[in-house]
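Each chain is listed here by its residues.
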Amino acid sequence: MGQKRDLTGSEKSKIVRYLAEGCSSLKIAKLVKRDHRTIKRFIQNSQQGRKKRVEKPRRKITAHELRKVKRAAAKMPLATSLAIFQSCNITGVPKSTRCAILRDTAKVRKAERRPPLNKTHKLKRQDWAKKYLKTDFSKVLWTDEMRVSLDGPDGWARGWIGKGQRAPVRLRRQQGGGGVLVWAGIIKGELVGPFRVEDGVKLNSQSYCQFLEDTFFKQWYRKKSASFKKNMIFMQDNAPSHASKYSTAWLARKGIKEEKLMTWPPCSPDLNPIENLWSIIKCEIYKEGKQYTSLNSVWEAVVAAARNVDGEQIKTLTESMDGRLLSVLAKKGGYIGR
């Protein structure tokens, strides 16, 4: 049996009019040509009317209690409003009031993702900072890989919508759609690349070295002068394909060895300025929750975004290294943010 059709607006108006004329519910059902039970149910609901909402008196917060809430919010990052108020022994405050109070002094934030740093990591970060404290960072080439997907981070698909407007439709892929692996480098005020790793290629030591040969060395490095090559310091992180004996020996044959190959402390993406470049590019390609339908289209967006990053922005990133090293030493090897 199909679902019963609801009364239309015109039918409801007729029922009200017939009731005012003194017709019975049975007669109205015949006149409107609807089931008698439907008519009776409508009449009962309309006569019953809406229940008045009982306004409960809201719990007022004293100035002393407000100070306690502020202190608790500072001591309990990422705690819920209920947990904060309970720690202050303040009860009977509805959630809407708690949030309104906290909104004046706090913001809802997600926990920051940071690499795990143990005592050994911190000591190595300090030793690294001391070793390179007097380095001319304008001669350092900072490199890294970044993977970009078709949809970008989930949280970036949110934003303000005007009243009366509908949110745009967002594609939902069953298997995610894959992504593109991108390699790039920055030195002084210059961007090297970006270069795209061939789809389906897993970067092990051999494929990483072959990739550098086909892109970095053939398309950029060999065009540089002998004096530039003599002074350049090559930086890469400790990914297995980078730090392996095979890759180290291969780079040495290219002349990048000893002091020309920067040692890198473990768990230290915050010390690599190119991580900030990746953030700039991702913000551009995924702005307003943008999605892509193919790997080629997202790669083209990366190239376009990288082209829009000017030399001054890159120079600002590479010149931030002195400050980063001092921060590492001041925090005794601790995480410094980006």
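Residues numbered from 1 in each chain as written. Predicted model: local features only at pLDDT ≥ 70, side-chain atom pairs only at ≥ 80, totals over all residues. Heavy atoms only, no water.

The name recorded for the chain in an unreviewed UniProt entry is Tc1-like transposase DDE domain-containing protein, from Oreochromis niloticus.

A. A look at the overall build of the chain. If you tally the helices and strands in the chain, you get 15 helices and four strands. Within the span of the chain, comprising 338 residues, buried residues form 37% of the whole. The long-range fraction of contacts in the chain, counting pairs at least 24 apart against all pairs at least 6 apart in sequence, stands at 75%. (Helix = DSSP H or I, 4+ residues; strand = E, 2+ residues; numbered from the N terminus. Buried < 20%, exposed > 50% of the residue type's maximum accessible area, 1.4 Å probe, protein only. Contact = heavy atoms within 4.5 Å.)

B. How the structure looks around the packing of aromatic side chains. Taken as a whole and assessed by the stated rule, the structure comprises 15 aromatic pairs. Ring centres of Trp 128 and Trp 264 lie 5.2 Å apart, and the angle between their planes is 75 degrees; on these two criteria the pair is classed as edge-to-face. A residue pair is termed long-range when its members are at least 10 positions apart, and Trp 128 in helix α7 (residues 119-131) and Trp 264 in the loop between α11 (245-253) and α12 (274-285) qualify at 136 residues. Assessed through its relative accessible area of 11%, Trp 264 is described here as buried. With a centroid separation of 6.4 Å and 70 degrees between ring planes, the pair formed by Tyr 286 and Tyr 292 is classed as edge-to-face. The pair Tyr 286 / Tyr 292 is uniform in exposure class, with both members buried. (Phe/Tyr/Trp six-rings, centres within 6.5 Å; stacked < 30°, edge-to-face > 60°.)

C. Highlighting a negative patch on the surface. Judged by side-chain charge, Asp 310, Glu 312, Glu 319 and Asp 322 come together as a negatively charged surface patch. When you line up the elements, Asp 322 lands in helix α15 (residues 321-330). For Asp 322, a relative accessible area of 42% translates into the label partly exposed. (Patch = residues over 30% accessible without salt bridge, like charges linked within 9 Å, V, L, I, M, F, W, Y side chains within 5 Å. Areas by Shrake-Rupley, 256 points an atom, 1.4 Å probe, with all protein chains shown as cover. Salt bridge = Lys/Arg side-chain N within 4 Å of Asp/Glu carboxyl O. Lys, Arg positive; Asp, Glu negative; His and termini not counted. Charge placed at Lys NZ, Arg CZ, Asp CG, Glu CD.)

D. Molecular detail of the environment of Leu 325. With respect to the helices, strands and loops of the structure, Leu 325 is situated in helix α15. Of the residues examined, Leu 325 reaches a relative accessible area of 0% and is grouped as buried. Distance from Leu 325 to Gln 126, taken between C-alpha atoms, is 8.4 Å for residues 199 residues apart in sequence. Aside from chain neighbours lying at most four places away, what touches Leu 325 is Trp 128, Ala 129, Tyr 132, Leu 133 and Phe 137.

E. Inspection of the side chain of Ser 81 at higher detail. Position of Ser 81 relative to the elements: it lies in helix α5 (residues 81-87). Since its relative accessible area comes to 12%, Ser 81 is described here as buried. Polar side-chain contacts of Ser 81 include one of 3.1 Å to the side chain of Arg 98. Setting aside residues up to four positions removed in sequence, Ser 81 forms contacts with Lys 95, Arg 98, Cys 99 and Leu 102. (Polar contact = N/O pair within 3.5 Å; in protein donor to acceptor, adjacent residues only side chain to side chain.)

F. Spatial organisation of the side chain of Gln 126. Within the element layout of this structure, Gln 126 appears in helix α7. Polar contacts involving the side chain of Gln 126 include one to the main-chain carbonyl oxygen of Lys 332, which spans 3.1 Å. Every residue in contact with Gln 126, bar those within four places of it in the chain, is listed here: Val 328, Leu 329, Lys 332 and Gly 333.

G. Highlighting the environment of Thr 105. Mapped onto the secondary structure, Thr 105 falls in the loop between α6 (95-103) and α7. With 35 residues separating them in the primary sequence, Thr 105 and Lys 70 have C-alpha atoms 7.0 Å apart.

H. Representation of α11. Residues of α11 that are buried: Ser 247, Trp 250 and Leu 251. Down the axis, α11 shows its buried residues gathered within 95 degrees of arc, on one side only. The outward face of α11, more than 90 degrees from its buried face, is lined by the exposed residues Lys 245 and Arg 253. Elements that come into contact with the buried residues of α11 comprise α8 (205-219), β4 (233-235) and α10 (240-243). Positioned one or two residues after α11, Gly 255 has a phi angle of 95 degrees, which is positive. (Arc of directions from axis to C-beta.)

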